[in-house]
Amino acid sequence: QDKIVNQLSTKVAVLQQEVRDKEQVIQRTTELLETANENKHTLEIQLEQKHRQTVKLDTAYKQTSQEVIKGNEIIMKLQSDIKGLKSKLKLRNMVTTQQEKLLH
């Protein structure tokens, strides 16, 4: 009977150690899960911040593009105006030259 008691005591000790080992595994797994959840939360916050930053930059880009387009339109109009003024000046110079020739 002592032999059976010893065998059973040994089995109980082994099973208790297995339970402690498994509890440690559960504790480590729980800690890892908590860390993973914290990391996920942090990444979600960072993602939202990056999304807002992207929207802001996209808006600024579109606004800048519109300003560049307006600037280019103004430049084209001014170039056209200059061309017209040069033509008028050339014509006036021709008229003035002709008038001077007639006066002399």
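Rules and cut-offs
- Residues numbered from 1 in each chain as written.
- Predicted model: local features only at pLDDT ≥ 70, side-chain atom pairs only at ≥ 80, totals over all residues.
- Heavy atoms only, no water.
- Helix = DSSP H or I, 4+ residues; strand = E, 2+ residues; numbered from the N terminus.
- Areas by Shrake-Rupley, 256 points an atom, 1.4 Å probe, with all protein chains shown as cover.
- Lys, Arg positive; Asp, Glu negative; His and termini not counted.
- Charge placed at Lys NZ, Arg CZ, Asp CG, Glu CD.
- Salt bridge = Lys/Arg side-chain N within 4 Å of Asp/Glu carboxyl O.
- Buried < 20%, exposed > 50% of the residue type's maximum accessible area, 1.4 Å probe, protein only.
- Patch = residues over 30% accessible without salt bridge, like charges linked within 9 Å, V, L, I, M, F, W, Y side chains within 5 Å.

Draft legend 1. Main features of the overall build of the chain. Counting its regular elements, the chain contains one helix and zero strands. Taken over the C-alpha atoms alone, the chain extends approximately 150 × 15 × 10 Å along its principal axes. In the form shown here, the chain has an accessible surface area of approximately 10300 Å², with 60% of it arising from carbon and sulfur atoms. Across the chain, the mean location of the 18 positive side-chain charges is 17 Å away from that of the 14 negative side-chain charges.

Draft legend 2. Representation of the pattern of salt bridges within the structure. Using the criterion set out here, one finds three salt bridges in the structure. Of the charged contacts in the structure, one is a salt bridge between Arg52 and Glu48, with a shortest N-O distance of 3.5 Å. Of this pair, Arg52 and Glu48 both sit in helix α1 (residues 2–103), four residues apart, which is roughly one turn of the helix. Taking the relative accessible area as the measure of exposure, Glu48 reaches 39% and is therefore partly exposed. The partner of Asp58 in a salt bridge is Lys62, and the shortest N-O contact between them spans 3.3 Å. With Asp58 and Lys62 both in helix α1, this residue pair falls four residues apart, about one helical turn.

Draft legend 3. A look at a nonpolar patch on the surface. A surface patch of nonpolar side chains, amounting to about 280 Å² of accessible area, comprises Leu91, Met94 and Val95. Classification of Val95 by relative accessible area gives partly exposed; the value is 40%.

Draft legend 4. Just the environment of Ser87, in detail. Its place among the elements puts Ser87 in helix α1. Classification of Ser87 by relative accessible area gives partly exposed; the value is 47%.

Read these as geometric descriptors, not functional statements.
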